[in-house]
Amino acid sequence: MFFVERFDRNTRGRDLAVGDVHGMYTVLSQLLQASGFDPAVDRLFCTGDLVDRGPESARVLEWLDTPWFHSVRGNHDDFAIRFPEGTVNATTYLANGGAWNLANPAALQRRISAALDQLPIAIEVETAAGVIGIIHADCPLPSWQDFVTRMTDIRVADEEHDHLANLAMWSRARLMAQDPSGVGDIHAVVAGHTPVVEYSTLGNVHFIDTGAVFDGGHFTLLDIASLTPVVPAIPPASQSR
Ligand SMILES: [Mn+2]
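The structure displayed is predicted, hence computed values, not measured ones.

Structural notes on helix H8 (residues 158-170)
Helix length check: H8, at 13 residues, gives a terminal C-alpha distance of 18 Å against a target of 18 Å (1.5 Å per residue), a fit within 8%. Turning to H8, its buried residues are His 161, Leu 164, Ala 165, Ala 168 and Met 169. Projection of H8 onto a plane perpendicular to its axis shows the buried side chains occupying an angular sector of 135°, all on one side.

See below:
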């Protein structure tokens, strides 16, 4: 498993973050366009869950090949990674929106698995204000630095690596508890996974999954250098399916 990917400061353009895509690539493209996203110099970081539920999950391979698009691994990406290994129950997968992949030939399922397996559990991006951490669900330890150190320490048992990775992909504890304590040793953390009605923060943790795949939901783009949501210059015609 690939744990942490680091990115240097973007000195030429903007760095934006977006929540869970869930196969809503056309809607996301329209929002980027309306927000003046410049693929030549800007970068888009995603909290993962690139697939399942939405109509265009099959486009994930094309997006993973897009040079300005970088994502962490979500629990739905993890389903697609593990499915060819036989460690995902097909009924569970179907109930979680995996029909598109269950219908794929085995060779394509393996290609999708291998491509998504390149996604790290966490991303660190340097900005003028400090380092921003991006994770699917939550940072499972009070200190980001401790989390990264334990995840990358080969002396730590595989079981603990898996445990931390699973919490990073699945935990809803901070939002459930409305825990304002934040994450130490990092400027800010950007997380998705649990849909919020509007972009919100708890301490220095920014929740940006505004449920684009669900009725009444939408995508939020967050400028990670200023930690402010991007207001599209041209409102997208429709943000729902
Ligand atoms: Mn998720």
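Resuming the write-up.
What to know about the packing of aromatic side chains
Throughout the structure, instances matching the rule amount to 9 aromatic pairs. Their ring planes at 75° and their centres at 5.9 Å tell us that Phe 79 and Trp 170 sit as a pair that is edge-to-face. One end of the pair, Phe 79, is in helix H3 (residues 75-82); the other, Trp 170, is in helix H8, and 91 residues separate them in sequence. You can call Trp 170 partly exposed: its relative accessible area is 37%. Here a set of aromatic residues connected by ring pairs shows up, and it is made of Tyr 25, Phe 37, Trp 63, Trp 68 and Phe 69.

Quick word on the coordination of the manganese ion
Every protein donor of the manganese ion is listed here as Asp 49 (OD), Asn 75 (OD1), His 136 (NE2) and His 193 (ND1), and their distances to the metal cover 2.2 Å. For the manganese ion, the single-chain donor residues occur in sequence as D-x25-N-x60-H-x56-H. Remark: His 193 occurs in the loop between strand E7 (188-191) and strand E8 (200-202) and Asp 49 occurs in the loop between strand E3 (43-46) and helix H2 (60-64); sequence separation between them is 144 residues. An identical accessibility class is assigned to Asp 49 and His 193; each is buried.

Brief notes about the environment of Thr 92
Inspection of the secondary structure assignment puts Thr 92 in helix H4 (residues 90-95). For the pair Thr 92 and Ala 225, spaced 133 residues apart in sequence, the C-alpha separation works out to 38 Å.

Considering the side chain of Asp 42
Inspection of the secondary structure assignment puts Asp 42 in the loop between helix H1 (25-34) and E3. On the accessibility criterion, Asp 42 (5% relative accessible area) is buried. Polar side-chain contacts of Asp 42 include one of 2.7 Å to the backbone nitrogen of Arg 14. Those residues in contact with Asp 42 that lie beyond four places of it in its chain are Asn 10, Gly 13, Arg 14, Gly 36, Phe 37 and Trp 68.

Cut-offs applied
Residues numbered from 1 in each chain as written. Predicted model: local features only at pLDDT ≥ 70, side-chain atom pairs only at ≥ 80, totals over all residues. Heavy atoms only, no water. Helix = DSSP H or I, 4+ residues; strand = E, 2+ residues; numbered from the N terminus. Expected span 1.5 Å × (residues − 1). Buried < 20%, exposed > 50% of the residue type's maximum accessible area, 1.4 Å probe, protein only. Arc of directions from axis to C-beta. Phe/Tyr/Trp six-rings, centres within 6.5 Å; stacked < 30°, edge-to-face > 60°. Donors = N, O, S within 2.8 Å, 3.2 Å for Na, K, Ca; no water. Polar contact = N/O pair within 3.5 Å; in protein donor to acceptor, adjacent residues only side chain to side chain. Contact = heavy atoms within 4.5 Å.

By themselves, these are just geometric observations and shouldn't be taken as functional.
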